[in-house]
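Chain and residue survey
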Amino acid sequence: MKILSNYSKVLNKIIKEEKVITQADLANQMNVSSVAINKWLKGGAISVDKIPKLCSILNITPNELFGFYTSEDRIFADKLYYHLKLILYYYLIYFEYWL
């Protein structure tokens, strides 16, 4: 299932690429073994009750953990929305002036 495999990609990115935290440190903070962390990195099942604590430690949302969206996507969407509102505002002013 695609959704269930997304979190392992996100964890790998955070732990191995961005090096935000080591596997050992994460295991200690989560009160699990390093073997459990390694399984999560390979796509193994993660207990639902561990997700809030994991997200808190990694400073991400559950949506980001499962790859639904990232902070950068949200920032981009907010900027796009702002600019579209601005365009609409000037568009309405322009046509009101000419009517």
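It should be noted that the structure appears before, not after, this text.
The structure displayed is predicted, hence computed values, not measured ones. (Residues numbered from 1 in each chain as written. Predicted model: local features only at pLDDT ≥ 70, side-chain atom pairs only at ≥ 80, totals over all residues. Heavy atoms only, no water.)

Okay, helix α4 (residues 51-58) next. All of the buried residues in α4 are Ile 51, Leu 54, Cys 55 and Leu 58. For α4, the buried positions fall inside an angular range of 95 degrees around the axis, keeping them on one side. Summarising the geometry of α4, the exposed residues directed more than 90 degrees from the buried face are Pro 52 and Ser 56. (Buried < 20%, exposed > 50% of the residue type's maximum accessible area, 1.4 Å probe, protein only. Helix = DSSP H or I, 4+ residues; strand = E, 2+ residues; numbered from the N terminus. Arc of directions from axis to C-beta.)

A few words on the packing of helix α2 (residues 23-30) against helix α3 (residues 34-41). When two helices pack together, their arrangement is given by the angle between the helix axes and the distance between those axes. Packing of α2 against α3 leaves a shortest axis separation of 8 Å and a crossing angle of 110 degrees. By the angle between their directions, the pair α2 and α3 is classed as roughly perpendicular. For α2 against α3, the interelement crossing comes out right-handed. Residues Gln 23, Ala 24, Leu 26, Ala 27 and Met 30 of α2 form the contact with α3, whose own contacting residues are Ser 34, Ile 37, Asn 38, Trp 40 and Leu 41. Partitioning the contact of α2 with α3 into residue classes produces seven nonpolar, three polar and no charged. (Axes fitted to C-alpha atoms, helices over the stretch in contact; angles between N-to-C directions. Parallel < 35°, antiparallel > 145°, perpendicular 65-115°, else oblique. Left-handed = near helix turned anticlockwise from the far one by under 90°. Contact = heavy atoms within 4.5 Å. Nonpolar A, V, L, I, M, F, W, Y, C, P; charged D, E, K, R; others polar.)

For the structure on display, the rule yields two aromatic pairs. Between the aromatic rings of Tyr 7 and Phe 66, the centroid separation amounts to 5.9 Å while the plane-to-plane angle is 70 degrees, which identifies the pairing as edge-to-face. Of this pair, Tyr 7 sits in helix α1 (residues 2-17) while Phe 66 sits in the loop between α5 (62-65) and α6 (71-98), and the two are 59 residues apart along the sequence. Of the two residues examined, Tyr 7 and Phe 66, each falls in the buried class. Seen in terms of ring centroids, Tyr 89 and Tyr 90 are 5.2 Å apart; in terms of plane orientation they differ by 75 degrees. Their pairing is edge-to-face. (Phe/Tyr/Trp six-rings, centres within 6.5 Å; stacked < 30°, edge-to-face > 60°.)

Within soluble globular proteins, side chains that are nonpolar generally end up buried alongside one another. In terms of nonpolar packing, the biggest core is built from 22 residues, with Leu 11, Leu 26, Ile 37, Trp 40, Leu 54, Leu 58 and Leu 65 touching the most fellow members. Sorting the residues of this core by element identifies α1, α2, α3 and α4 as the ones contributing at least two each. Broken down by element, the residue count for this core peaks at five residues, all from α1. (Core = buried A, V, L, I, M, F, W, Y, C linked by side-chain atoms within 4.5 Å.)

Quick look at the packing of α2 against α4 now. The contact between α2 and α4 brings their axes to 10 Å, and the two run at 130 degrees. Between α2 and α4, the crossing angle belongs to the class labelled oblique. Judged by the sense of rotation from one axis to the other, the crossing of α2 with α4 is right-handed. Contacts between α2 and α4 involve Leu 26, Gln 29 and Met 30 from the first element and Lys 53, Leu 54, Ile 57 and Leu 58 from the second. When the residues that make up the contact of α2 with α4 are grouped by side-chain class, the tally is five nonpolar, one polar and one charged.

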